[in-house]
Amino acid sequence: MANGKPDVLNQITEREYQYGFVSEVEADQIPKGLNEEIITLISQKKKEPAFLLEFRLKAYRHWLKMREPQWANVHYPPINYQDIVYYSAPKSKKKLSSMDEVDPEVRKTFEKLGIPLEEQKMLSNVAVDAVFDSVSVATTFKKTLSDAGVIFCPFSEAAIEHPDLVEKYLGSVVPYTDNFFAALNSAVFSDGSFCYVPKGVRCPMELSTYFRINAKETGQFERTLIIAEEGASVSYLEGCTAPMRDENQLHAAIVELVALDNAQIKYSTIQNWYPGDKNGKGGIYNFVTKRGKCQGKNSKISWTQVETGSAITWKYPSCLLLGDNSIGEFYSVALANHYQQADTGTKMIHIGKNTKSTIISKGISAGHGQNTYRGLVKIAKGAESSRNYSQCDSLLMGNLCGAHTFPTLEVGNTSSQIEHEATTSKIGEDQLFYLRSRGLSAEDAVGLIVNGFCKEVFQELPIEFAVEAHKLLSISLEGAVG
Amino acid sequence: MLEIKNLCAKIGDKQILKGINLTVKAGEVHAIMGPNGSGKSTLSYILAGREGYEVTDGQVLYEGKDLLSMPTEVRSREGVFLAFQYPVEIHGVTNKYFLKAAVNAKLKHQGKTEMSAGQFLSFVKEKAKTVEMDEALLSRQVNAGFSGGEKKRNEILQMAALEPKLAILDETDSGLDIDALKIVSHGINVMRGPQRSFLVITHYQRLLDYVVPDFVHVLSDGRIIRSGGKELAYQLEKEGYAWAKEEFAGLKG
């Protein structure tokens, strides 16, 4: 630039990942590698009922016959699935009976992340399940929730305490045959959250799971299952971080949601896995299958995601709209900075009559980041009078990044309506100059522009988390553009 | 307040400003007139701190300090305001949110306590009233979908909220119908005061009927070729810039 000043946009995106520390926690780890013995060992460690081991082994045998998907617009060297530790847990000498017994190092980790595990220190209307590597280490507000009839507990606990529910719903939305990573997860999943909201109950507080990867060379394969019975409603949020490491780590999760008649599930994600350094070294591979089934009439499932982390993101939170008049929503902000690659979007499958779906996708690309929206809207022949509205906006910062959009629309009847809008814009020097000439720093100016761009998505987040998302996005953009 | 000494600047290889000299004292209103391409907007951008210009010679003192070495945002916080000829749209951000961030950045810079959302709202509503701007502008997204006139009025509202010491108005009158021109001029006039200076850049004498300047300067080909009182504007309107240019050429010859 003139005057020898560096480009403003260049300066703004060079801050380091804040959550990259490693905790010194003695871990109970199994050997690297994947085979039937390892799977049996995981199942034994978790003292699972027989049907679960059976499920895992079937999934594993199926996985062996599958091939890693190649269709996504992401590039990475081959993953050696035998070089991963599939189970790692902080060592504990006895069964925890209260929060005070959580390993102090683990507790410190969550405090550093801004997630204190003591209930009195927390946001009073949010219950948290904290997952550290392969296990859940603490769940708060269990009493308040169980008084309301809501079950919110680690998945492994649900498998023992509520095997009937787990057996009924596990794999009912995402079968292990669904895709390569879903099969892998089904074979080795370790922990995650389980939530069951009985008939007619509105969950009295926000539920939240915080995932932390800590151990080296370990993958995290969690599984979340949320069931809202007739007329029930629940809002759930997940957040995640990981240490900075030069090696890539794999995170392959499955989330299944089931909404029965008149039930509502709102699922929000703030994904901030370690994205790798500014040269693209390290970072989490985030290969996730998320799907919700609007099984009942008038049911509603809403996905909101803010994806700022991970070296590679491959996820398509989707809705199966089976019940008549059911509603599916997808609100997404995906950021690809430095060498991050994001291939994300949704599938809205309209089966029931008069079903509705809304897709609002905001992709931000900076640095060498590549951001892809991939979506499918399918309206089946019998899904009469159904409607979809899709909006896909891309924001580019600099000249080296990319934005790609692959929308697919299939409409099987003539009574349905589909609308699709898309825009691409660029943060310009004129916008930055305008805001700076009003006294805003360059960083604040970019933050303002980007947050304005994402507004329609942020307003879908629970308020406490909207503020967090706001900050996170500004921070993640520092160091972005050329 | 402002002292511009022999300011020379270029964009790329093109020399735009060729030695501007101008002194603006506190409380004065200076109009800068000139034909297209004379360097009027370049001058305003350089004063406000837009990147992309290379200052090849001269200096600018603002309250005795070297203005050109200050980052853009610091100039604003120190009291320099540029009303844009083409205000920029920022989608998804409301005017009040943006203005609150701007006002608080200034307060912080001055070591004062920042305003809460409530305090700011009453403050800015009051400001909107003084410059006779519709309060509804505050809740709209920054310039998004604004008409040309609304954009200019929004600039005046921002000026009122930021209470600058030196306001540079870059063709604020362009694209305004007569009613909007009156409203904008009124906004400027109520802002006039002994501690506030204005640099009013315009093509036409029309604005100067409403915002009466203390001094008028004619900018041509990167130089101020003539300075005078408000009557100079009328003379220019009547005789055109060619007259001033010829006279300047004669003086040099």
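Residues numbered from 1 in each chain as written. Chains lettered and ligands numbered in written order. Predicted model: local features only at pLDDT ≥ 70, side-chain atom pairs only at ≥ 80, totals over all residues. Heavy atoms only, no water.

Peer 1: Before we go on, may I ask you to explain the overall build of chain B in this structure?
Peer 2: Scanning chain B from terminus to terminus reveals 9 helices and 10 strands. Taken over the C-alpha trace, chain B has a radius of gyration of 18 Å; the compact-globule value for 253 residues is 18 Å, and the two agree within 12%. Projecting the C-alpha coordinates of chain B onto the three principal axes gives extents of approximately 65 × 40 × 35 Å. Sequence-distant contacts in chain B: of pairs separated by 6 or more residues, those separated by 24 or more amount to 69%. Taken as a whole, chain B presents about 10600 Å² of accessible surface, with 49% of it coming from carbon and sulfur. Taken as two groups, the 33 positive and 32 negative side-chain charges of chain B have centres that lie 3 Å from each other. (Helix = DSSP H or I, 4+ residues; strand = E, 2+ residues; numbered from the N terminus. Rg over C-alpha atoms; globule rule 2.2 N^0.38 Å. Contact = heavy atoms within 4.5 Å. Areas by Shrake-Rupley, 256 points an atom, 1.4 Å probe, with all protein chains shown as cover. Lys, Arg positive; Asp, Glu negative; His and termini not counted. Charge placed at Lys NZ, Arg CZ, Asp CG, Glu CD.)

Peer 1: Would you explain the nonpolar core in this entry?
Peer 2: Generally speaking, a soluble globular protein has its nonpolar side chains buried in company with each other. Residue and element names in this part refer to chain A. Judged by nonpolar contacts, the single largest core of 113 residues is most densely connected at Ile364 and Val450. Excluding its chain neighbours within four sequence positions, the residues that come into contact with Val450 are Ile364, Leu395, Met397, Ile427, Leu473 and Leu477. Core analysis: the next-biggest nonpolar cluster, separate from the first, contains 54 residues, Ala59, Tyr86, Tyr169 and Phe194 among them. (Core = buried A, V, L, I, M, F, W, Y, C linked by side-chain atoms within 4.5 Å. Buried < 20%, exposed > 50% of the residue type's maximum accessible area, 1.4 Å probe, protein only.)

Peer 1: So what exactly am I meant to see when it comes to the packing of helix α9 (residues 429–436) of chain A against helix α10 (residues 442–453) of chain A here?
Peer 2: All names here are of chain A. At a minimum axis distance of 9 Å, the contact between α9 and α10 shows a crossing angle of 120°. As for how α9 packs across α10, the hand of that crossing is right-handed. Across the interface between the two elements, Gln431, Leu432, Leu435 and Arg436 of α9 pack against Ala442, Ala445, Val446, Leu448 and Ile449 of α10. Considered class by class, the residues forming the contact of α9 with α10 number 7 nonpolar, 1 polar and 1 charged. (Axes fitted to C-alpha atoms, helices over the stretch in contact; angles between N-to-C directions. Left-handed = near helix turned anticlockwise from the far one by under 90°. Nonpolar A, V, L, I, M, F, W, Y, C, P; charged D, E, K, R; others polar.)

Peer 1: What should I look at first to understand the sheet that holds strand β2 (residues 14–24) of chain B in this one?
Peer 2: The strands that make up a sheet are held in pairs by hydrogen bonds between backbone atoms, and each pair lies either parallel or antiparallel. Residue and element names in this part refer to chain B. A sheet is described by the order of its strands in space; here 4 strands give the open sequence β2-β1-β4-β5, paired in antiparallel fashion. In this open sheet, the two edge strands, each paired with only one partner strand, are β2 and β5 (65–66). Looking at chain direction, strand β4 (residues 54–62) and β5 are connected through 2 bridges and run antiparallel. Considered in β5, the bridge of Tyr62 is made with Lys65. Contacts between helix α1 (residues 40–48) and the sheet are confined to β1 (2–11), β2 and β4, with β1 contributing the most and set at about 110° to the helix. (Pairing = 2+ DSSP bridges.)

Peer 1: I'm lost on the packing of helix α3 (residues 95–109) of chain B against helix α4 (residues 117–130) of chain B in this one. Help?
Peer 2: A packed helix pair is summarised by two numbers, namely the angle formed by the two axes and the spacing between the axes. Residue and element names in this part refer to chain B. The geometry of α3 relative to α4 is characterised by a closest axis approach of 11 Å and an angle of 100° between their N-to-C directions. As summarised for this structure, α3 and α4 are arranged roughly perpendicular, according to the angle between their axes. From α3, Lys96, Leu99, Lys100 and Val103 reach across to α4, where they touch Ala117, Phe120, Leu121, Phe123 and Val124. Looking at the contact of α3 with α4 residue by residue, the classes come out as 7 nonpolar, no polar and 2 charged. (Parallel < 35°, antiparallel > 145°, perpendicular 65-115°, else oblique.)

Peer 1: Looking at this structure, I do not really get the sheet that holds strand β8 (residues 197–202) of chain B. What am I missing?
Peer 2: Residue and element names in this part refer to chain B. Ordered in space as β6-β7-β8-β3-β9-β10, the 6 strands form an open sheet in which the pairing is mixed. Only two strands of the sheet have a single neighbouring strand rather than two, namely β6 (80–83) and β10 (223–228). Strand after strand, the sheet turns through a mean of 20° between neighbouring axes, direction not considered. Bridge count between strand β3 (residues 29–33) and strand β9 (residues 215–220): 4 bridges; the pairing is parallel. Its bridge partner being in β9, His30 is matched across the sheet by Phe215. Sheet strands touched by helix α5 (residues 148–162): β6, β7 (166–170) and β8. Its angle to β6, the strand with the most contacts, is close to 170°.

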